[in-house]
Amino acid sequence: MGSAGRAEGTLSESVPALLSVADAEQLAELRLSAQVRDFIAGGSGAELTRSANRAALDDVYLVPRVMAGVSACDPAAALAGWQAALPVAVAPMAYQRMVHADGEVGLAAACAQAGIPYTAAMLASATVEEIAEAGACTWMQLYWLRDRGLMVELIRRAEAAGCRALVLTVDVPELGRRLRDLRNGFTFPAGIYPANLRGYGKAGEVRPGAPGLSAVAAHTAAIFDPSLTWPDVTWLAGQTSLPLMLKGILDARDAARAADLGVAGIVVSNHGGRQLDGAVPSITALPPIVEAVAGRCQVILDSGVRGGLDVIKAVALGADGALLGRPALWGLAAGGAAGAAVVLRLLAEEFRHAMALAGCPDLAAVRALRTVVRQPAGRLRGRA
Ligand SMILES: Cc1cc2nc3c(=O)[nH]c(=O)nc-3n(C[C@H](O)[C@H](O)[C@H](O)COP(=O)(O)O)c2cc1C
């Protein structure tokens, strides 16, 4: 990985000074092709849920405490049994070498430097072994495949590579209709393929897209198994001694059922608005899930997180932590591993700063913060 050295430094010359995560988004937009930009940014359908994630997070207000002695705020958090520098992990995101040549290995190296877990996507463009070598606490994400033997093989490889948890994504029985990719006829750039899936799409085997046909949609339709049900989770848990998390839960009844099965964690997620368009914003779904789970497993918020302020809101509403999605890719696009490291550093600093201003010396104090959720008349009534 050419820029591993750069990732060690402070600000790389190739990464202009960024003051916020939003700056990284702007820079990324300039550096990516329209097709890749749309692949990252896009949601499904009319992108209602994608937008709603942000609106709902913006509608959460914190009630800060004062005179709490915040000269040394401690943001450390246990995530799936591992002590992280802050309550954040990077979300699984496929095909990161499309974003920058440093790809998954570069982003994982940035996570190692930041002291947060990195979730290796099953559909990564580097192998789980290559990713784990970057030295981060690595979690391995799985989709439910028609080929169960391949799933078990991937689990064994993840275990042998030193992964510390498995994350089964449960909200993709089939891929959401991502209109941007369909319009673009999304095609994998040369040399990008699902590196973990031996025999399932080496270069040349994943067919190109065409107007109205996304290569990602076609490939996943061929390999994903929509028959997944709860007993399959029990089967999967029986295949490994690694902690198992379920990603993509929004209903408190599903969360309670997952906790009953003894999973290590639930990721409250609508996949960044890329699956069911019209699904509830994750932050809105969070409080009833926290209540239903009642401490039996960890609860991690995903979808819409754009900075440290969003993370503190999630923890104040009962989450054990949050996943960082698209912003990590913006950092990668802006400057490879070094750009990703800058984004993670900004996030950590924003989180610590928000802790100080909210009067929270530690996460227990964050959890005890009061929140006010703005709900204009007629908006989002009903049970999540
Ligand atoms: C480009 C891209 C690729 C993704 N690939 C995966 C994947 O392979 N597996 C998965 O579980 N989620 C995947 N996701 C969803 C993320 O894990 C996460 O749920 C989402 O990005 C959260 O929304 P946000 O980025 O708006 O915060 C992907 C998201 C993006 C943007």
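Summarised in this report is the structure supplied together with it. (Residues numbered from 1 in each chain as written. Predicted model: local features only at pLDDT ≥ 70, side-chain atom pairs only at ≥ 80, totals over all residues. Heavy atoms only, no water.)

### Here we look at the packing of aromatic side chains
Considering all chains together, one arrives at five aromatic pairs under this definition. With centroids separated by 4.7 Å and ring planes inclined at 75 degrees, the aromatic side chains of Y95 and F188 adopt a geometry described as edge-to-face. With a gap of 93 residues between them, Y95 in the loop between β4 (88-90) and α5 (103-114) and F188 in the loop between α8 (179-184) and α9 (215-223) connect regions that are remote in the sequence. Classification of Y95 by relative accessible area gives buried; the value is 1%. With 5.6 Å between their ring centres and 80 degrees between their planes, F186 and F188 make a pair best called edge-to-face. One exposure class covers both F186 and F188, and it is buried. Three or more aromatic residues joined by ring pairs form one cluster here, namely F39, Y95, F186 and F188. (Phe/Tyr/Trp six-rings, centres within 6.5 Å; stacked < 30°, edge-to-face > 60°. Helix = DSSP H or I, 4+ residues; strand = E, 2+ residues; numbered from the N terminus. Buried < 20%, exposed > 50% of the residue type's maximum accessible area, 1.4 Å probe, protein only.)

### With respect to the layout of surface pockets
Computed from the structure, the largest pocket encloses a volume of approximately 500 Å³. Surrounding the largest pocket, 27 residues form its lining, V170, D171, V172, P173 and G248 being those nearest its centre. Mapped by element, the contributors of at least two residues to the lining of the largest pocket are α10 (230-238) and β8 (244-249). Per-element tally for the lining of the largest pocket: the top contributor is β8, with three residues. (1 Å grid on protein atoms, 1.4 Å probe; cavity = no way out; pocket = protein on both sides within 12 Å on 5 of 7 lines; lining within 4 Å. Points joined across faces, edges and corners; volume = space filled by probe spheres on them.)

### Points about helix α3 (residues 34-41)
Buried residues dominate α3, accounting for six of its eight residues. When α3 is considered as a whole, its buried residues turn out to be Q35, V36, D38, F39, I40 and A41. Where α3 is buried, its residues meet α4 (48-58), α8, α9 and α14 (326-357). (Contact = heavy atoms within 4.5 Å.)

### Details of the side chain of T220
Following the sequence through the fold, T220 ends up in helix α9. By relative accessible area, which is 3% here, T220 ends up buried. For T220, the side chain forms a polar contact with the main-chain oxygen of A217, separated by 3.1 Å. (Polar contact = N/O pair within 3.5 Å; in protein donor to acceptor, adjacent residues only side chain to side chain.)

### Points about unusual backbone geometry
Positioned with a positive phi, Y95 is a non-glycine residue whose angle comes to about 55 degrees. Unlike most non-glycine residues, A294 shows phi in positive territory, near 50 degrees. If you trace the backbone, A294 turns up in the loop between α12 (282-293) and β10 (298-301). Taking the relative accessible area as the measure of exposure, A294 reaches 59% and is therefore exposed.

### Quick word on a nonpolar patch on the surface
A cluster of nonpolar side chains, contributed by Y61, V63 and V372, occupies part of the molecular surface with about 260 Å² of accessible area. As for its placement among the helices and strands, V63 is situated in strand β1 (residues 60-63). Among the residues examined, V63 registers a relative accessible area of 37% and is labelled partly exposed. (Patch = residues over 30% accessible without salt bridge, like charges linked within 9 Å, V, L, I, M, F, W, Y side chains within 5 Å. Areas by Shrake-Rupley, 256 points an atom, 1.4 Å probe, with all protein chains shown as cover. Salt bridge = Lys/Arg side-chain N within 4 Å of Asp/Glu carboxyl O.)

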